[in-house]
Amino acid sequence: MKSAGDRELEGAAPGRYWQRLADGRVQCDLCPRHCRLREGQRALCFVRACRDGRIVLTTYGRSSGFCVDPIEKKPLSHFLPGTPVLSFGTAGCNLACKFCQNWDMSKSREMDRLMDAAAPEELAAAAVRLGCRSVAFTYNDPVIFFEYAVDTALACRERGVKTVAVTAGYMTADPRREFFRVIDAANIDLKAFTDDFYRRLTGARLGPVLDTLLYVRHETATWLEITNLVIPGANDGDAEIDAMTRWVVDELGPDVPMHFSAFHPDYKMTETPPTPAATLLRARDIAIANGVRYAYVGNVHDEAADSTYCHGCGARVIGRDWYELTHWGLDAEGACQACGTRCAGVFDGPPGRWGRRRQPVRLGRGRP
Ligand code: SF4
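What you are looking at is a predicted structure, and each value in this text was computed from that prediction instead of being measured.

A.B. asks: Would you mind showing me how to read the overall build of the protein chain here?
C.D. replies: Across its full length, the protein chain holds 9 helices and 20 strands. Rg of the C-alpha trace for the protein chain: 20 Å, near the compact-globule value of 21 Å for 368 residues, within the 12% margin. Principal-axis analysis of the C-alpha atoms places the extent of the protein chain at approximately 70 × 45 × 35 Å. For the protein chain, the proportion of its 368 residues judged to be buried stands at 58%. Within the protein chain, residue pairs in contact and separated by at least 24 positions form 67% of the contacts whose partners lie at least 6 positions apart. Seen as two clouds, the 47 positive and the 46 negative side-chain charges of the protein chain have centres 4 Å apart.

See below:
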């Protein structure tokens, strides 16, 4: 009798960005890990594997569930505010963060969790039917389900639906180019500003993440926001936050919003305490002092620090209470109603009215 793993490999889709090595193994070149696999072996991200001498993706068309979320939850504060986004993820991850806040999905080895199935065209059609302005690849990193994400983004474009990527940005140059060509907005994690942190606590490297941030900001039309998960004792020092936010302003410019988000004890870092709200406010203050125009706190309740202020006159232009809009002071083009200064972002007429609701949806098919 065939194992579940064998069945997974049989139903897998062809992967891209790989090469055959002289010793018979195949090498995946999608992310800087460059996993080298023998026949039947799974990669570090678990969802890519070697079958019949090729790299395959075992999660194409399969999801751990679909949900309509507020766009503010991604978090994206300057991209079609107030609108609903059809969100989904698969399983696995190409980083190995000891502090993972989503480990039941990202570290999942139980592919049977992927009960919902939807082809790219079905997802795009569902977004239209549900009134969603965008589809988000989130819950786990879309880099590892690259082929499914790109095909879904193309299907969404055909129907006028935008796409959002929530990602650690850990990928190589060629797939990066192809991926962001079809992505309308991204929230990229900048988990820390030292290579030592990345190596010790994520198993990855800082350099490729910075390369992705620079590429997205300067070479694409993708709207970019950054999330920094602030972890007590690990990346919360003033000097590191100062260096990070200076780099963001110098290299990416003042208009890239930064979200300083609270850690909660999880996965392999259950001994580390949760981030105090005061730490997030300190990080936000440092960012603003260094010239970041839009700095927010996340995972804590603070309406003042989660609202948007005009960088021209200081007026509050978007009020937020958790994921709900409480105030709107922009015109249809995103300019401040008080002074006319344009707020950076993607705005399209009046804000959406989705509110803070989170609505799980089934897209009709069980597991293929
Ligand atoms: S995407 Fe997965 S298989 Fe490919 S190099 Fe990265 S971790 Fe390895």
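A.B. asks: Before we go on, may I ask you to explain the sheet that holds strand 9 (residues 84-88) in this structure?
C.D. replies: Two strands in a sheet stick together by hydrogen bonds in their backbones, pointing the same way (parallel) or opposite ways (antiparallel). Here 9 strands make up an open sheet; going across it, the order is 16-15-14-13-12-11-9-8-20 and the pairing mixed. This sheet does not close on itself; its edge strands, each paired only once, are strand 16 (295-298) and strand 20 (359-361). Neighbour-to-neighbour, the strand axes of this sheet turn through a mean angle of 25 degrees, independent of strand direction. Bridging between strand 15 (residues 258-262) and strand 16 involves 4 bridges; their strand directions are parallel. The residue bridging Phe260 from the neighbouring strand is Val297, located in strand 16. Helix 3 (residues 120-129) rests against strand 8 (66-70), strand 9 and strand 11 (134-137) of the sheet, and its axis sits at about 150 degrees to strand 9.

A.B. asks: What is the right way to read the packing of aromatic side chains from this model?
C.D. replies: Two numbers describe a pair of aromatic rings. These are the distance of the centres and the angle of the planes. Applying the stated criterion across every chain, the model contains 15 aromatic pairs. Relative to Tyr148, the ring of Tyr60 lies with its centre 5.1 Å away and its plane at 45 degrees, an arrangement referred to as tilted. With Tyr60 in the loop between strand 6 (54-57) and strand 7 (62-63) and Tyr148 in helix 4 (residues 146-158), the pair connects residues that are 88 residues apart, well separated along the chain. On the accessibility criterion, Tyr60 (26% relative accessible area) is partly exposed. When the centroid spacing of 6.3 Å and the interplanar angle of 80 degrees are considered together, the rings of Phe137 and Phe145 count as edge-to-face.

A.B. asks: Mind showing me how you'd approach the pairing of strand 15 here?
C.D. replies: Every other side chain in a regular strand lies on the same face of the sheet, so the side chains alternate between the two faces. Counting buried residues in strand 15 gives 5 out of 5 residues, a clear majority hidden from the surface. What you see with strand 15 is no split at all: Met258, Phe260 and Ala262 on one side and His259 and Ser261 on the other are buried throughout. As paired strands, strand 14 (residues 223-230) and strand 15 are joined by 5 bridges and run parallel to one another. Directly across from Asn228, in strand 15, lies its bridge partner Phe260. One crossover worth recording links strand 14 to the parallel strand 15 by way of helix 8 (residues 238-252), and it is right-handed. Viewed along the sheet, the connection from strand 15 through helix 9 (residues 277-289) into strand 16 turns out right-handed.

A.B. asks: Any chance you could explain the sheet that holds strand 5 (residues 48-51) here in plain terms?
C.D. replies: Strand order in the open sheet formed by 3 strands is 1-6-5, with antiparallel pairing between adjacent strands. The sheet is open, and its two borders are formed by strand 1 (13-14) and strand 5, each paired with just one other strand.

A.B. asks: I tried to follow the side chain of His78 on my own but got confused; where do I start?
C.D. replies: Mapped onto the elements of the fold, His78 is located in the loop between strand 8 and strand 9. Setting aside residues no more than four positions away along its own chain, His78 makes contact with Trp223, Glu225, Pro257, Tyr294, Tyr296, Thr308, Cys343, Ala344, Gly345, Val346 and Phe347.

A.B. asks: What is the right way to read the site of the ligand from this model?
C.D. replies: Near the ligand you find Cys28, Leu30, Cys31, Arg33, His34, Cys35, Ala43, Cys45, Arg48 and Asn94, and these make up its full shell. Along the lines of polarity and charge, the residues of the shell around the ligand split into 6 nonpolar, 2 polar and 2 charged.

A.B. asks: Is there a simple way to think about the nonpolar core in this case?
C.D. replies: Across soluble globular proteins, nonpolar side chains show a tendency to be buried alongside one another. Counting 92 residues, the largest nonpolar core has Leu86, Phe99, Phe179, Phe180, Leu190, Leu213 and Phe260 as the members making the most contacts within it. If one sorts the elements of this core by residue count, helix 4 sits on top with 7 residues. Not counting the four nearest positions on each side in its chain, Leu190 is found in contact with Tyr198, Leu206, Val209, Leu210, Leu213, Ile226, Thr227, Asn228, Met244 and Val248.

A.B. asks: Is there a simple way to think about the side chain of Thr83 in this case?
C.D. replies: With respect to the helices, strands and loops of the structure, Thr83 is situated in the loop between strand 8 and strand 9. Given a relative accessible area of 7%, Thr83 falls into the buried group. A distance of 2.7 Å separates a polar atom in the side chain of Thr83 from the backbone oxygen of Leu80. Contact partners of Thr83, with chain neighbours within four places excluded, come to Asp69, Pro70, Ile71, Arg133, Gly352 and Trp354.

A.B. asks: Please clarify how the pattern of salt bridges should be interpreted in this entry.
C.D. replies: If the charged atoms of two oppositely charged side chains come close together, the side chains can form a pair. In total, this model carries 20 salt bridges according to the counting rule given. Where Lys191 meets Asp189, a salt bridge forms, and the shortest distance between an N and an O atom there is 3.3 Å. Given a relative accessible area of 13%, Lys191 falls into the buried group. On the accessibility criterion, Asp189 (22% relative accessible area) is partly exposed. Here Asp196 ties to Arg200 by a salt bridge, and the two come within 2.9 Å at their closest N and O atoms. With Asp196 and Arg200 both in helix 6 (residues 195-202) and 4 residues apart, the pair spans about one turn of that helix. The class for Asp196 is partly exposed, based on a relative accessible area of 43%. Accessibility expressed as a relative area gives 47% for Arg200, which makes it partly exposed. Ionic contacts of the salt-bridge type, sharing partners, join the residues Asp69, Lys74 and Arg358 into one network.

Calculation criteria
- Residues numbered from 1 in each chain as written.
- Predicted model: local features only at pLDDT ≥ 70, side-chain atom pairs only at ≥ 80, totals over all residues.
- Heavy atoms only, no water.
- Helix = DSSP H or I, 4+ residues; strand = E, 2+ residues; numbered from the N terminus.
- Rg over C-alpha atoms; globule rule 2.2 N^0.38 Å.
- Buried < 20%, exposed > 50% of the residue type's maximum accessible area, 1.4 Å probe, protein only.
- Contact = heavy atoms within 4.5 Å.
- Lys, Arg positive; Asp, Glu negative; His and termini not counted.
- Charge placed at Lys NZ, Arg CZ, Asp CG, Glu CD.
- Pairing = 2+ DSSP bridges.
- Axes fitted to C-alpha atoms, helices over the stretch in contact; angles between N-to-C directions.
- Phe/Tyr/Trp six-rings, centres within 6.5 Å; stacked < 30°, edge-to-face > 60°.
- Right-handed = clockwise from strand over helix to strand, strands pointing away.
- Near = heavy atom within 4 Å.
- Nonpolar A, V, L, I, M, F, W, Y, C, P; charged D, E, K, R; others polar.
- Core = buried A, V, L, I, M, F, W, Y, C linked by side-chain atoms within 4.5 Å.
- Polar contact = N/O pair within 3.5 Å; in protein donor to acceptor, adjacent residues only side chain to side chain.
- Salt bridge = Lys/Arg side-chain N within 4 Å of Asp/Glu carboxyl O.

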